[in-house]
Amino acid sequence: MTSISVVEEQMRALKVLLNLNNKDLKNRSEPIWRILVYDRRGQDIIAPVLNNKELRDIGVVLHLSLHSERDSVPDAAAVYFVIPSEENVLRISQDLQKGLYDHYYLNFISPIPSPLIEQLALACLQAETQNVIKKVMDQYLDFISLEDDMFILRQHGREEISYYAINRADVNENEMRNVTDKICNGLFAFFATLGIVPIIRCSKDNAADMVAQKLNKKLKSTLQDVKMSSLFKGNSFTDLNNHRPLTLQRPLLIILDRNMDMATPLYHSWLYQPLIHDVLSLKLNTVRIEETDERGRKKTQSYDLNRDDEFWQRHKGTPFPQVAESVQKELESYKNQEENVKQLKSNMDDVGNSYLGDNTAKLTSAVNSLPELLKRKTLIDMHTTIAHSILDQIKKRKLDNFIEIEEKILTKAVDKTLDKSPLDLVKDSTGGAERDKLRLSLINFLCASMSDDEVKEYERALEEAGCDIYPLNYLKRWKTIARMPSPASRVGKAENMLSKLMTQGSQFVLEGVKNLVVKKFSLPITRVVHDLMDNKNQSELEECRYFDPKLSESEMRPPENQGPFQEAIVFVVGGGNYIEYQNIIDSCKKNDKKPKKIIYGCTDLVDADQFIEQLSKLGHELSK
């Protein structure tokens, strides 16, 4: 199956931009050295897609922040990649007045409004720099590609479109319109970059509904505009090698609201990528770990988890115990290869030229393998460091206990096989960190049937443990207003998320930690996505609106006997997480004969602590 890559599509668009908007990336008579100037949003977009080497290969010799102090480079061409804001236009105007660069190529991440264009034009006239601005381009690149099949809209400035921003009790109509406009514009940029017009389904009467209606209207008006319609060159995902449609069917865009599943963002996952995001600092594919050197000084080390890391690509959705075992195997394999090279060198030193003559091929192979061997060693060291850091957190916070009991809560299987009940674990002074106890309590509240007295008992236990109970206060109000079944009613029939305790664990790093193994399961959003793609669950279909930007309003209804979709984009308004991403991607692999192609997107990636912080703010506002 030809892979679908959001990263490749955005990378191609960025390379064209950096090539001074010349689409012919291969045939350049002589290199034009240039300086890249970006703001925070532009930096966030570029960082996961193009590394320093790739930037140099296309002729970028420097990349600098727009709002930093920059020296003049008179003979250079400057490529700007910034959002169209008044602050940024003012800074560009100052650069023009100072004459920092020889030529300017201004690329705005999203379309620049007319008043700012006029402000920029006036600045050019005042500085008499009309001739040095070579191009001003709208780029439609206001989203961040993290994986071949995953994207988000924001990292810096994420609070503007967060769950808190959408669900504030005092949010007014204008504020809500601004939030949904930002989300709509980001989704529009995503589809303009891919060049496709999707069919849209969304949950009803929430922020996702508002975004879907706006996106449908924006796509429809764009298709009717002769100048703008060229943005959408095809109706399906593209074969990246041959640039041909993979299928004749248009993909399905499914826009869902975070409120449909509030429990998943709180789970303690046992999978490698979600676990890193949960217990370490993972941001834009870079993990930061605090280390202590030989002198006892603390420093923060950064590691990039990218598409070129084969170990990462194979194991990011793997349970942590298996990752630990795989790291051990990789390390042993590397040592064997290293020993073979050392043995070859030793034999050469002992025997001399006669040995060299008989073993030239082996020597050549050994020499050629050294760069790859060194690269492999670097990656092994990186994942070893990450694994040990995760293990430290697991032991310190006793996360294996929380994972085990949360699986029981999820499947309504809390029974006498557990050493402790959820409430016992909350009350246990040695049973983990306060934040983990709070997460467990919130999950139990969302997924279990609890009486008022039981809820009050949990409140008292949380307060005694020093936990913030404002998140629970908010969820109590949320559950009342929503008037919907608890998430457990949607997942109660799912298979166990985690198996029972295994007798043996990896000797590499798992001594003293329960070796829980992830089994196949489907989260609520995963099942909704597959129901909509398969067109089988009539009740689910009726619960979701239908939009087709290529149809008139009178024709806006699902076609009768519409077949299943093989390609879809699922987008979560109000924040997503790696647990959902891995669950959806794993579900695509179940049908080996004809696997579905699904891309997961969200307004922003939120770990459990960040989600609880937003719930706490919402709960605090309720108490005022």
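What counts as what
Residues numbered from 1 in each chain as written. Predicted model: local features only at pLDDT ≥ 70, side-chain atom pairs only at ≥ 80, totals over all residues. Heavy atoms only, no water. Pairing = 2+ DSSP bridges. Helix = DSSP H or I, 4+ residues; strand = E, 2+ residues; numbered from the N terminus. Axes fitted to C-alpha atoms, helices over the stretch in contact; angles between N-to-C directions. Contact = heavy atoms within 4.5 Å. Parallel < 35°, antiparallel > 145°, perpendicular 65-115°, else oblique. Left-handed = near helix turned anticlockwise from the far one by under 90°.

**What to know about the sheet that holds strand β7 (residues 150-152)**
So, point 1. One open sheet holds the seven strands; their spatial order is β6-β7-β15-β14-β9-β8-β13, and the pairing between them is mixed. Edge positions in the sheet fall to β6 (144-147) and β13 (544-547), since each of these pairs with one other strand and no more. Strand-to-strand, the axes of this sheet are offset by a mean angle of 20 degrees, without reference to chain direction.
So, point 2. Bridging between strand β8 (residues 199-203) and β13 involves four bridges; their strand directions are antiparallel. Directly across from I200, in β13, lies its bridge partner F547.

**A few points about the sheet that holds strand β2 (residues 60-65)**
In sheet architecture, strand pairing relies on hydrogen bonds along the backbone and comes in two forms, parallel and antiparallel.
So, point 1. With parallel pairing, five strands are arranged side by side in an open sheet as β2-β1-β3-β4-β5. Bordering the open sheet on either side are β2 and β5 (133-138), each of which pairs with just one other strand. Strand-to-strand twist in this sheet, taken as the mean axis angle between neighbours without regard to direction, amounts to 20 degrees.
So, point 2. Bridging between strand β1 (residues 34-38) and strand β3 (residues 73-82) involves five bridges; their strand directions are parallel.

**Digging into the pairing of strand β12 (residues 298-304)**
So, point 1. One ladder, built from seven bridges, connects strand β11 (residues 286-292) with β12; its direction is antiparallel. Across the sheet, residue R288 finds its bridge partner in β12, namely S302.
So, point 2. Between the end of β11 and the start of β12, which pair antiparallel, lie five residues, with G296 showing a positive phi angle near 85 degrees.

**A short note on the environment of H156**
So, point 1. Following the sequence through the fold, H156 ends up in the loop between β7 and α6 (163-167).
So, point 2. For the pair formed by H156 and R40, sequence separation is 116 residues and the distance between their alpha carbons is 6.7 Å.
So, point 3. Not counting residues within four places of it along the chain, the set of residues in contact with H156 comprises R40, R41 and D44.

**What about the packing of helix α7 (residues 173-194) against helix α8 (residues 207-224)?**
So, point 1. In the contact formed by α7 and α8, the axes pass within 9 Å of each other and the chain directions differ by 50 degrees. Put simply, α7 runs oblique to α8. For α7 against α8, the interelement crossing comes out right-handed. Where α7 approaches α8, its residues M176, R177, T180, D181, I183, C184, N185, L187, F188 and F191 are matched on the opposing element by A207, M210, V211, K214, L215, K218, L219 and T222.

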